[in-house]
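Below, each chain spelled out in residue letters.
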Amino acid sequence: MCEQMGQEPNEDEIPPDFEDFPSIAIDAMNTFSMLGDKVVPDIGYLGKDFTNLPHYMDIYEVEDKELFLEILTYLESRAINHSQEQLKREREKLKRKH
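Model, not experiment: these values are computed from the prediction.

A. Representation of the pairing of strand β1 (residues 36–40) within the structure. With five bridges joining them, β1 and strand β2 (residues 44–49) adopt antiparallel strand pairing. From the neighbouring strand, V40 faces β2, where its bridge partner is G44. Two successive antiparallel strands, β1 and β2, enclose a turn made up of three residues.

B. Expanded view of the environment of F32. Looking at the secondary structure, you find F32 in helix α2 (residues 23–34). A residue is classified by how much of its surface remains accessible, and F32, at 14% relative accessible area, is buried.

C. The arrangement of unusual backbone geometry in detail. If you check the backbone angles, E61 has positive phi at about 50° while not being a glycine. If you trace the backbone, E61 turns up in the loop between α3 (53–59) and α4 (65–97).

D. Inspection of the pattern of salt bridges at higher detail. Tallying each qualifying case throughout the model produces one salt bridge. In this structure, the salt-bridge partner of D37 is K48, at a minimum N-O distance of 2.7 Å. Taken together, the residues D37 in strand β1 and K48 in strand β2 connect sequence positions 11 residues apart.

E. Structural view of the environment of E70. You can see E70 is positioned in helix α4. In the structure, E70 is positioned 23 residues away from G47 in sequence and 14 Å away in space, judged by C-alpha atoms.

F. Main features of the packing of aromatic side chains. Following the criterion strictly, the structure yields zero aromatic pairs and no others. A cation sits over an aromatic face here: K48 above F32, 4.6 Å from the ring centre.

Rules used throughout
Residues numbered from 1 in each chain as written. Predicted model: local features only at pLDDT ≥ 70, side-chain atom pairs only at ≥ 80, totals over all residues. Heavy atoms only, no water. Pairing = 2+ DSSP bridges. Helix = DSSP H or I, 4+ residues; strand = E, 2+ residues; numbered from the N terminus. Buried < 20%, exposed > 50% of the residue type's maximum accessible area, 1.4 Å probe, protein only. Salt bridge = Lys/Arg side-chain N within 4 Å of Asp/Glu carboxyl O. Phe/Tyr/Trp six-rings, centres within 6.5 Å; stacked < 30°, edge-to-face > 60°. Lys NZ or Arg CZ within 6 Å of the ring centre and 35° of its normal.

As structure tokens, this is what we get:
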């Protein structure tokens, strides 16, 4: 995009690549995507189903369990907030139509 605009890219504004994260963060992101979702029709996304979490922690040979869980809960809270905001926008859109 910078090339199209005739600008030099600013290193501070370039988002990190997946490989730029530490391995524990990559493992946590992979685990997060593999965990099942808890969804209720009228309420929406409630978070992840952590039933299989111990298996994934064994597979990835997680040593720093506290950091791993902190990353997972951070990802989950962002996903929940995103879902709530999306539902809120959809409800407001429906209200405006009526």
